[in-house]
Amino acid sequence: MDWPIAEVARMSGVTARTLRHYDEIGLLPPARIAPSGHRHYGERELLRLQQVLVLRALGLGLPEIGRVLTEQVDEVEALRGHHRRLLDERDRLDALAGTVLRTIGELEQSRKDGTTMTINRPENLFEGIQPAQYEEGLRGFPEHAEAVTRRVAAMSAEDVEAGQRERTARMVRLAELMASGLPADAAAVQAETAAQYRALTELRAASVEEYRAFGRSCVDNEQWLAAYESIAPGLAAYQREAIEAYAASAPS
């Protein structure tokens, strides 16, 4: 039994255009192509599509997914591996949800008491967050990646960790502004965005247009998108919009 591409798209939620792309790059060829030119998929192809979608959900890019599927020998063992990854991701998201909930509670209590929130264990703010995903995404900016490499080589392990925490803290602050309902071009959001740009230019000279490219990568780059979305759904697009607004108003 097989199913036409339109039916597979309906069942899986993947667009027919994406399925055709998967075929074109050799990731998911159909079982057969009808005389009409329509692709048809059998049970084996549906199982492979399931694996592709699972690996995509885990943050893997299409080239890496292709390598994983090519190297796997036994489908059951491969699925066991995917299941382990999903459980690990579930645990990470549970930890992240606990982190956010704990911070919400502490912030609400401090506001109720009229006091400043006291952070006894700062590391608790970052449980479940993976700033390394952001670092991985610098491959699209080789000059900046080289500057980061030089800076990191001269830093202690403690300084590197502090830098990662500060980058994550900036993302969390932006998420708080988004959650408060402020538009991306609001003054408070633009102040945070300007601070991000200053941090970028402290590392190396970067034009506003390059900063705009960084903003687009928040959505287009899978590692960056995963890092932002792990903090708050929609944060990547919000960051991009904030940077676009900053770039549009910045002096040329």
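The structure we're discussing is the one just above.
Residues numbered from 1 in each chain as written. Predicted model: local features only at pLDDT ≥ 70, side-chain atom pairs only at ≥ 80, totals over all residues. Heavy atoms only, no water.

Enquirer: Can you break down the pattern of salt bridges residue by residue, with the values?
Expert: Across all of its chains, the model carries six salt bridges by this definition. We note a salt bridge from Glu 7 to Arg 10, for which the minimum N-O separation is 2.6 Å. Taken together, the residues Glu 7 and Arg 10, both in helix 1 (residues 5-12) and three residues apart, mark about one turn of the helix. We classify Glu 7 as partly exposed; its relative accessible area is 25%. Residue Arg 173 is joined to Glu 192 by a salt bridge in which the shortest nitrogen-to-oxygen separation is 3.2 Å. Highlighted residues: Arg 173 in helix 8 (residues 157-179) and Glu 192 in helix 9 (residues 187-203), separated in sequence by 19 residues. (Salt bridge = Lys/Arg side-chain N within 4 Å of Asp/Glu carboxyl O. Helix = DSSP H or I, 4+ residues; strand = E, 2+ residues; numbered from the N terminus. Buried < 20%, exposed > 50% of the residue type's maximum accessible area, 1.4 Å probe, protein only.)

Enquirer: With reference to specific residues and values, describe the side chain of Arg 39.
Expert: Relative to the helices and strands, Arg 39 resides in strand 3 (residues 39-42). On the basis of relative accessibility, which here comes to 16%, the residue Arg 39 falls in the buried class. Leave out the neighbours within four places in its chain, and Arg 39 touches Trp 3, Pro 4, Ile 5, Arg 20, Asp 23, Pro 30, Arg 32 and Ile 33. (Contact = heavy atoms within 4.5 Å.)

Enquirer: Now, about the sheet that holds strand 3: what can you tell me, with residues and values included?
Expert: Within the open sheet, the three strands sit side by side as 1-3-2. Their pairing is antiparallel. Strands at the two margins of the open sheet, each flanked by one partner only, are strand 1 (2-4) and strand 2 (32-33). Here strand 2 pairs with strand 3 via two bridges, running antiparallel. Considered in strand 3, the bridge of Arg 32 is made with His 40. Seen against the sheet, helix 1 touches strand 1 and strand 3 and runs at an angle of roughly 90° to strand 1. (Pairing = 2+ DSSP bridges. Axes fitted to C-alpha atoms, helices over the stretch in contact; angles between N-to-C directions.)

Enquirer: Can you lay out the packing of helix 11 (residues 222-231) against helix 12 (residues 235-249) for me, pointing to particular residues and giving the numbers?
Expert: The N-to-C vectors of helix 11 and helix 12 enclose an angle of 110°; their axes lie 7 Å apart at closest approach. As far as their axial angle goes, helix 12 and helix 11 are roughly perpendicular. Of the residues in helix 12, those touching helix 11 at Leu 225, Tyr 228, Glu 229 and Ile 231 are Leu 235, Ala 236 and Gln 239. For the contact of helix 11 with helix 12, the residue count by class is five nonpolar, one polar and one charged. (Parallel < 35°, antiparallel > 145°, perpendicular 65-115°, else oblique. Nonpolar A, V, L, I, M, F, W, Y, C, P; charged D, E, K, R; others polar.)

Enquirer: Give a description of the pairing of strand 3 that names residues and reports values.
Expert: Of the two faces of strand 3, both are covered, the one formed by Arg 39 and Tyr 41 as well as the one formed by His 40 and Gly 42. Across three bridges, strand 1 lies against strand 3 in antiparallel orientation. Considered in strand 3, the bridge of Asp 2 is made with Gly 42. In this structure, the hairpin formed by strand 2 and strand 3 is closed by a connection of five residues, where Gly 37 is found at a positive phi of approximately 95°.

Enquirer: Account for the packing of helix 1 against helix 3 (residues 43-57), with residues named and values stated.
Expert: Contact geometry of helix 1 with helix 3 gives a least axis separation of 12 Å together with a crossing angle of 40°. Taken together, the axes of helix 1 and helix 3 are oblique relative to one another. As for the relative orientation of helix 1 and helix 3, their crossing is right-handed in sense. Between helix 1, through Val 8, Met 11 and Ser 12, and helix 3, the contact on the second element is made entirely by Leu 46, Leu 49 and Leu 53. Of the residues in the contact of helix 1 with helix 3, the class split is five nonpolar, one polar and no charged. (Left-handed = near helix turned anticlockwise from the far one by under 90°.)

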